[in-house]
2 protein chains.
Amino acid sequence: MVQIPKQPAHEPSAPRSAPTSADVARLAGVSRATVSYVLNNADAVRISEPTRRRVREAARELGYVPHAAARSLRAGHSRMVLMPAPSFPAGPLYSRFVAELQWALGRLEYTVVQYGTAGAHGDEAARAWAELRPVAVLAPASDLGPRGVEILKRSGARAVLTLGPEPVDGAHALLTDQEGVGRGATRHLYDRGRRTIGVVVPAERGLDVFSAPRLTGARQAVAGTDATVTELPLAYDEGDAARLAARWRPLGLDAVFAYNDEYAMLLMRALQDEGLDVPGDAAVIGADDLMLGRLLRPRLSTVHLELPAGRDLAALVDRAVHDPGAAPERHKVLGATVLHRESS
Amino acid sequence: MVQIPKQPAHEPSAPRSAPTSADVARLAGVSRATVSYVLNNADAVRISEPTRRRVREAARELGYVPHAAARSLRAGHSRMVLMPAPSFPAGPLYSRFVAELQWALGRLEYTVVQYGTAGAHGDEAARAWAELRPVAVLAPASDLGPRGVEILKRSGARAVLTLGPEPVDGAHALLTDQEGVGRGATRHLYDRGRRTIGVVVPAERGLDVFSAPRLTGARQAVAGTDATVTELPLAYDEGDAARLAARWRPLGLDAVFAYNDEYAMLLMRALQDEGLDVPGDAAVIGADDLMLGRLLRPRLSTVHLELPAGRDLAALVDRAVHDPGAAPERHKVLGATVLHRESS
DNA sequence: TTGAAAGCGGTACCAA
DNA sequence: TTGGTACCGCTTTCAA
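These numbers come from a predicted model, not from an experiment.

Calculation criteria
Residues numbered from 1 in each chain as written. Chains lettered and ligands numbered in written order. Predicted model: local features only at pLDDT ≥ 70, side-chain atom pairs only at ≥ 80, totals over all residues. Heavy atoms only, no water. Domains from an automatic or database assignment. Phe/Tyr/Trp six-rings, centres within 6.5 Å; stacked < 30°, edge-to-face > 60°. Buried < 20%, exposed > 50% of the residue type's maximum accessible area, 1.4 Å probe, protein only. Lys NZ or Arg CZ within 6 Å of the ring centre and 35° of its normal. Pairing = 2+ DSSP bridges. Helix = DSSP H or I, 4+ residues; strand = E, 2+ residues; numbered from the N terminus. Right-handed = clockwise from strand over helix to strand, strands pointing away. Near = heavy atom within 4 Å. Polar contact = N/O pair within 3.5 Å; in protein donor to acceptor, adjacent residues only side chain to side chain. Axes fitted to C-alpha atoms, helices over the stretch in contact; angles between N-to-C directions. Core = buried A, V, L, I, M, F, W, Y, C linked by side-chain atoms within 4.5 Å. Contact = heavy atoms within 4.5 Å. Buried area = accessible area lost by both parts, 1.4 Å probe. Salt bridge = Lys/Arg side-chain N within 4 Å of Asp/Glu carboxyl O. Arc of directions from axis to C-beta. Least-squares fit on C-alpha atoms with pLDDT ≥ 70 in both. UniProt positions renumbered as here; feature names shortened; annotations may be inferred. Parallel < 35°, antiparallel > 145°, perpendicular 65-115°, else oblique. Left-handed = near helix turned anticlockwise from the far one by under 90°. Nonpolar A, V, L, I, M, F, W, Y, C, P; charged D, E, K, R; others polar.

(A) Summary view of the domain arrangement of chain A. For chain A, the assigned domains read domain 1 (21-66), domain 2 (77-176 + 308-333) and domain 3 (178-306). Here domain 1 of chain A and domain 2 of chain A have C-alpha centroids that lie 36 Å from each other.

(B) Expanded view of the packing of aromatic side chains. With the rule as written, the count across this model stands at six aromatic pairs over all chains. Summarising the aromatic geometry, the rings of Tyr259 of chain A and Tyr263 of chain A are spaced 5.6 Å apart at their centres and angled 80 degrees between planes, so their arrangement reads as edge-to-face. For the residue pair Tyr259 of chain A and Tyr263 of chain A, the accessibility class agrees, reading buried in each case. Taken together through their ring pairs, the aromatic side chains of Tyr236, Tyr259 and Tyr263 of chain A make up a single cluster. One residue, Arg195 of chain A, lies across the ring of Tyr190 of chain A, its end atom 3.7 Å from the ring centre. Over the face of the ring belonging to Tyr110 of chain B we find Arg79 of chain B, whose NZ or CZ atom lies 4.0 Å from the ring centre.

(C) Seen up close, the pairing of strand β7 (residues 228-234) of chain A. All names here are of chain A. Where strand β6 (residues 196-202) and β7 come together, seven bridges link them in parallel fashion. Across the sheet, the residue bridging to Val201 is Pro233, located in β7. For the crossover from β6 across helix α9 (residues 208-222) to β7, the handedness is right-handed.

(D) Focus on the protein's contact with DNA strand D. Taken together, 26 residues are adjacent to DNA strand D, and Arg32, Tyr37 and Arg74 of chain A together with Arg46 and Thr51 of chain B come closest. When atoms of DNA strand D within 4 Å of the protein are sorted by moiety, sugar and phosphate together comprise 58%. Take Arg74 of chain A: an N or O atom from its side chain is 2.3 Å from a base oxygen of DNA strand D. Within the backbone of Arg46 of chain B, one N or O atom sits 3.4 Å away from a sugar or linking oxygen of DNA strand D. When contributions to the surface near DNA strand D are tallied by element, the ones reaching two or more residues are α2 (32-39) and α4 (68-75) of chain A together with α2 (32-39) and α4 (68-75) of chain B.

(E) Main features of the environment of Ala326 of chain B. For Ala326 of chain B, the location among the structural elements is in the loop between α13 (310-322) and β11 (330-332). For the pair Ala326 of chain B and Ser72 of chain B, spaced 254 residues apart in sequence, the C-alpha separation works out to 25 Å.

(F) Structural context of the sheet that holds strand β7 (residues 228-234) of chain B. Residues and elements named next belong to chain B. An order of β7-β6-β8-β9 is seen for the four strands of this open sheet, with the pairing classed as parallel. This sheet does not close on itself; its edge strands, each paired only once, are β7 and β9 (283-285). When strand polarity is set aside, the average angle formed by the axes of neighbouring strands in this sheet is 25 degrees.

(G) Representation of the protein's contact with DNA strand C. In the vicinity of DNA strand C there are 28 residues, among which Arg46 and Thr51 of chain A together with Ser21, Arg32 and Tyr37 of chain B approach most closely. Within 4 Å of the protein, atoms of DNA strand C come from sugar and phosphate in 55% of cases. A distance of 2.3 Å separates a base nitrogen of DNA strand C from a polar atom in the side chain of Tyr37 of chain B. Mapped onto the surface near DNA strand C, the elements with two or more residues apiece are α2 and α4 of chain A together with α2 and α4 of chain B. In terms of residues, the surface near DNA strand C owes the most to one element, α2 of chain B, which gives four residues.

(H) How the structure looks around the nonpolar core. In terms of nonpolar packing, the biggest core is built from 112 residues, with Val200 and Leu271 of chain A together with Val200 and Leu271 of chain B touching the most fellow members. If we skip the residues at most four places from it in the chain, Leu271 of chain B touches Ala245, Trp248, Leu276, Val278, Ala282 and Val284 of chain B.

(I) Seen up close, the interface of chain B and chain A. Taken together, the contact pairs 62 residues of chain B with 62 residues of chain A. Taken over both partners, the interface formed by chain B and chain A buries close to 5,200 Å², and the fraction arising from carbon and sulfur atoms is 59%. Connecting chain B to chain A are four salt bridges. Note that Arg297 of chain A and Asp273 of chain B form a salt bridge whose closest N and O atoms lie 2.9 Å from each other. At the junction of chain B with chain A, the criterion picks out 17 residue pairs in polar contact (both at pLDDT 80 or more).

(J) Structural view of α4 of chain B. Taken together, the buried positions of α4 of chain B are occupied by Ala68, Ala69 and Ser72 of chain B. When α4 of chain B is viewed along its axis, its buried side chains cluster within an angular range of 95 degrees and face the same direction.

(K) Region of the structure containing the sheet that holds strand β3 (residues 136-140) of chain A. Here we have twelve strands laid out as an open sheet, ordered β11(A)-β5(A)-β4(A)-β3(A)-β1(A)-β2(A)-β2(B)-β1(B)-β3(B)-β4(B)-β5(B)-β11(B), and mixed in their pairing. A single partner strand is all that each edge strand has here, and the edge strands are β11 (330-332) of chain A together with β11 of chain B. The average undirected angle you get between the axes of adjacent strands in this sheet is 20 degrees.

(L) Representation of the relation of the copies chain B and chain A within the structure. If you rotate chain B by 180 degrees and push it 0.0 Å along the axis, it lands on chain A with an RMSD of 0.0 Å. Each copy turns onto its partner about a two-fold axis. Interface overlap between copies is the fraction of interface residues in one copy that are interface residues in the other; for chain B against chain A it reaches 100%, indicating a shared surface.

(M) Region of the structure containing the UniProt feature "domain: HTH lacI-type" (unreviewed entry) in chain A. In this structure's numbering, the residues bearing the UniProt feature "domain: HTH lacI-type" (unreviewed entry) are residues 19-75 of chain A. Secondary structure content for residues 19-75 of chain A is 67% helix and 0% strand, and the end C-alpha separation is 21 Å.

(N) Representation of the packing of helix α10 (residues 238-246) of chain B against helix α12 (residues 261-273) of chain B in the model. Residues and elements named next belong to chain B. Remark: α10 packs on α12, axes separated minimally by 8 Å, with the N-to-C direction vectors making an angle of 55 degrees. One element, α10, and the other, α12, form an angle in the oblique class. Regarding α10 and α12, the two cross each other, and that crossing is right-handed. Residues Glu238, Ala241, Ala242, Leu244 and Ala245 of α10 lie in contact with α12, whose contacting residues are Leu266, Leu267, Ala270 and Leu271. Looking at the contact of α10 with α12, its residues break down into eight nonpolar, no polar and one charged.

(O) Representation of the side chain of Ser95 of chain A. Relative to the elements of secondary structure, Ser95 of chain A occurs in helix α5 (residues 92-107). Looking at Ser95 of chain A, its side chain comes within polar contact range of the main-chain oxygen of Gly91 of chain A, at 2.9 Å. For Ser95 of chain A, the contacting residues outside a window of four places in its chain are Pro89 and Ala90 of chain B.

(P) Structural context of the pairing of strand β4 (residues 159-164) of chain A. Residues and elements named next belong to chain A. A large share of β4 lies buried, amounting to six of its six residues. Where burial is concerned, the two faces of β4 agree: the one with Ala159, Leu161 and Leu163 and the one with Val160, Thr162 and Gly164 are both buried. The pairing of β3 with β4 spans five bridges and is classified as parallel. Bridge pairing in β4 places Leu138 opposite Leu161. Direction of pairing for β4 relative to strand β5 (residues 172-175): parallel, over a ladder of four bridges. Across the sheet, Leu163 pairs through a bridge with Leu174, a residue of β5.

(Q) Geometry of the packing of α2 of chain B against helix α3 (residues 49-62) of chain B. All names here are of chain B. Packing of α2 against α3 leaves a shortest axis separation of 10 Å and a crossing angle of 90 degrees. Considering their axes alone, α2 and α3 lie roughly perpendicular with respect to each other. The segment α2 lies against α3, with Thr34, Val35, Val38 and Leu39 engaging Thr51, Arg52, Val55, Arg56 and Ala59. Taken together, the residues of the contact of α2 with α3 sort by class into five nonpolar, two polar and two charged.

Pasting the structure below:
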């Protein structure tokens, strides 16, 4: 047992600085090289069992933790997959998706890091991410232009994937067909005989990335028909919903695609409070298939969205990392299925 | 304009390796030191304007991005604040909290990183975090024991803060009084004349961190009275809710604190479908004050929760970082207010 | 079986 | 005003 100089009793936990592999080596009476071999279970070199024991013991004793930056600096690469942390309040769909992906990438020995990009935009954000030298980056297409992709690749990222409705030059694309969501919902309303269709567009910032293409999809669905689509801005609060409901009759609408289930619930309640019958006077459909929509009366029709399984996406990332030269792939990753319940 | 060797046309974006400050220096015809001075706007040294220009131009030309690991290795510290990424599907409350905190810490020049700890537990997780040498760590108290705190501090973390009902030795504590939530909700039911009170405990994994103390608080609220508290396991799906509702009369309960608003909505709907009157046959109260609870009929009573403002918490982190020796502070950070609406 | 030493990319001190 | 250089912590040949 080696003697460790005791810290003063009143300050047990503020050592001058973190122990390094040199400290471990000193304490174990070996060289830093040996320490590295032992702690990394290097199989290229044979280290005697007693030595291994001494090294491990010393490391434990000192509370040694390797320095990731030093390691990856030396290695020339890391296993870090970087994603920007969402700037919008993430729904259950997205947070489940991220959690699953994290787990799956973890199984592949990657470390997922969600980077809190406080407002940095465009190439500036890409540069900030690139400073960490991640081996892969998965970001919303809206946060990353072709130049951003180039910056990341130049600084060593072996795979860049974007998530969004449009592909970005140079990056693998996970295509979330938001237009398809709007199209599906609106076609459903049309098929059920509705002809004057409102489309809710949230007033909240940050949601336009999703709401704009959904509106576009709605327009596509009625193009060339006798039906019309009317854009309905709506803030996520009861007052605004009530105001919109009060305007319902003058607007002359007979149906609404409410962006998602939350806005749909908000609006449906306001319409009902206004004395309107759902779906008689107004058919309502949301999106996201939240559990809560099933609990309303009438039950809320919705568009069920399916994000890819974490395992599959993790495998895709892994392949992309192993073959950085490959041509960018495009994958549709947003399965959209209309669920007709009672509100439409 | 300097000539750059062209990449082969079919491989435009896979340079052998990332440009370093040495590359920039070479291209600009200066030393690495000068590059560093210029790009960091070092005010201790005067660099001529033409030189600055040449350096900047070269950096732009090469798409140079500094290497964060190398920098922080040399500096001996980073500005990284690490938080574990939530393993449970985060609610709007928590994701708003994180987003706000990220923004506020960003203003203070910190970089927030959510680390995807795939399943690693206890000290193992702490060690993984410590490898990144974050300057501060903010983690759920449930993920971090006293030994974990010690590991982090030993490896250079200047501030460790935990979020949870109980403080952890050596770390600053942000005390989320979940017991108070259960106590408040249950006392409210008691005050409204209810005596046989059910408390929903989600069957889902990962939620017990919150649900256990809420149940405890409920028990505290009725201790020494003639009222009883009954634990009601409930999975988040309609079938299980229906089964529970069917057992309602035999259970002989007259009220329920349903863990949170989502479980409350689920259960309330099931109770109503069972022909029970809310609040007549069963008073229901949730927690979290989701917008959607206000839309139900009857309107859902709830416990409004208030997390601290991101700015305040960021300031606390900053203070803790600047004074690592200070005694651990304890702050109550979960304001809980009962909102009586119509369901109770 | 182990150790000495080079070097990853940047920074900052000291000279020139 | 600029350049040379030591060094941060770790890995990995190459020698011993």
